[in-house]
Amino acid sequence: MEEELKKNLETLKFKPFGYLGGMRGQMEDVIFTANEHPLKGFWLVGDFSNSREVGQVEGFLHKNATVAEIAQLMINLYERLKGMKETKFESKDSKDSFSNQVMLFPNKKESKENSKKEKYRRDNDYFTYKTSEYKCSHCGWKGMGEELEQGDMYDYGVEIHCPECSERFPGLIVFPTTKELMERGTEDDKIVANYSNSFMEKWENSKLRDISQLPDLYDENIAFILKEVEEKKESYIIITHETKVIWKEIRSYEYYWRFVEIGKIFKQKYGDKMVDLVPDVDGLYLYGDRLTSIKTIENFRKELREI
Ligand SMILES: [Zn+2]
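Residues numbered from 1 in each chain as written. Predicted model: local features only at pLDDT ≥ 70, side-chain atom pairs only at ≥ 80, totals over all residues.

Caption draft 1: How the structure looks around the overall build of the chain. What the chain contains, in helices and strands, is 8 helices and 14 strands. Taken over 307 residues, the chain has a buried fraction of 26%. Once local pairs closer than 6 in sequence are excluded, the contacts in the chain between residues at least 24 apart make up 51%. (Helix = DSSP H or I, 4+ residues; strand = E, 2+ residues; numbered from the N terminus. Buried ≥ 20, exposed ≤ 12 C-beta atoms within 10 Å, placed from the backbone. Contact = placed C-beta atoms within 7 Å.)

Caption draft 2: Summary view of the pairing of strand 10 (residues 168-174). Judged from the 4 bridges that link them, strand 9 (residues 157-161) and strand 10 form a sheet pairing that is antiparallel. For Gly157, the partnering residue across the bridge sits in strand 10 and is Val174. (Pairing = 2+ DSSP bridges.)

Caption draft 3: Focus on the pairing of strand 9. As paired elements, strand 8 (residues 149-153) and strand 9 share 3 bridges and run antiparallel to each other. Directly across from Met153, in strand 9, lies its bridge partner Val158. Counting the residues between successive antiparallel strands, the hairpin from strand 9 to strand 10 contains 6 residues, one of them, Ser166, with a positive phi of roughly 65°.

Caption draft 4: Highlighting the sheet that holds strand 11 (residues 222-231). Read across the open sheet, the 4 strands follow the order 13-12-11-14; overall the sheet is mixed. Every interior strand has two partners, whereas the edge strands, strand 13 (244-250) and strand 14 (274-279), have only one. Averaged over all adjacent pairs, the angle separating strand axes in this sheet is 25°, with direction ignored. Direction of pairing for strand 11 relative to strand 12 (residues 234-241): antiparallel, over a ladder of 7 bridges. Along strand 12, the bridge assignment pairs Leu226 with Ile239. (Axes fitted to C-alpha atoms, helices over the stretch in contact; angles between N-to-C directions.)

Caption draft 5: Main features of the nonpolar core. Core analysis: the largest hydrophobic core is formed by 44 residues, its most contacted members being Ile70 and Met74. When residues of this core are assigned to their parent elements, the largest contribution, 8 residues, is made by helix 2 (residues 67-89). Split by domain, the residues of this core number at least three in each of domain 1 (3-98) and domain 3 (207-306). Dropping the residues within four chain positions of it, Met74 is found in contact with Leu12, Met27, Phe32 and Leu44. Counting residues in hydrophobic clusters, the runner-up holds 9 residues, among them Tyr126, Leu148, Cys162 and Val174. (Core = buried A, V, L, I, M, F, W, Y, C linked by C-beta atoms within 7 Å. Domains from an automatic or database assignment.)

Nothing here speaks to function; it is geometry throughout.
Structure follows, in structure tokens:
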């Protein structure tokens, strides 16, 4: 794997893994494996598993991907796995699973979940368990938390087992929230937490929300063009009409859904004057690796032309 890419992955707390030069990282209960891909730069596979269910999603990025782009892809894969989990287990409340309010360590669980969390937190504090003493009631092993084995992962934490006899210790090590990482984490934790916070905030703030943000246009039969641009190491999508940039916002990975959202707001603003929104991009970021995303965009554009 190339040095620059390796360094970027390390910033996101990836560690070397396996024999083929891969790297492995984690976001909550999702494990990410990064490997070079002969044709597509490198790929990131997100795995989620616990005692009830497994899920796997993957995405590609070019070799010169920035930390921001890798983090975006991680968040995107995380979201998709989260969506898969929620539709399987909590199909009724999965509506907001694809919302854009993504955090590395989501903190908006119901109060019931919170009290469970509080109980586990008392047992094994994420920030101190490594240097706390543990004793196994089964085989008598005594040692520090850092020697414990990790067991199954859940949405809010991971099981811990005795390294001698694999007896399960009570409670879980509860994953910290971004806020807790900022307050109590290591310098590395703070970098990641800070990064995810500021990136998400920046992304949210850059997004088109309603027609009041769009200028009046007096032409007819407008086919807007969507392009991707780089500015000061930040990636954006811009929507242009002739030589004018009508809208610009931060680009995310696999943003076909965002394409449709933006297109709808444009249609609301420009009505009959708008006949198309044309993607003038290579598609790596727009479509990602979702087979259905090309069709989604085609259908949406057809609708635009027919209305
Ligand atoms: Zn034991």
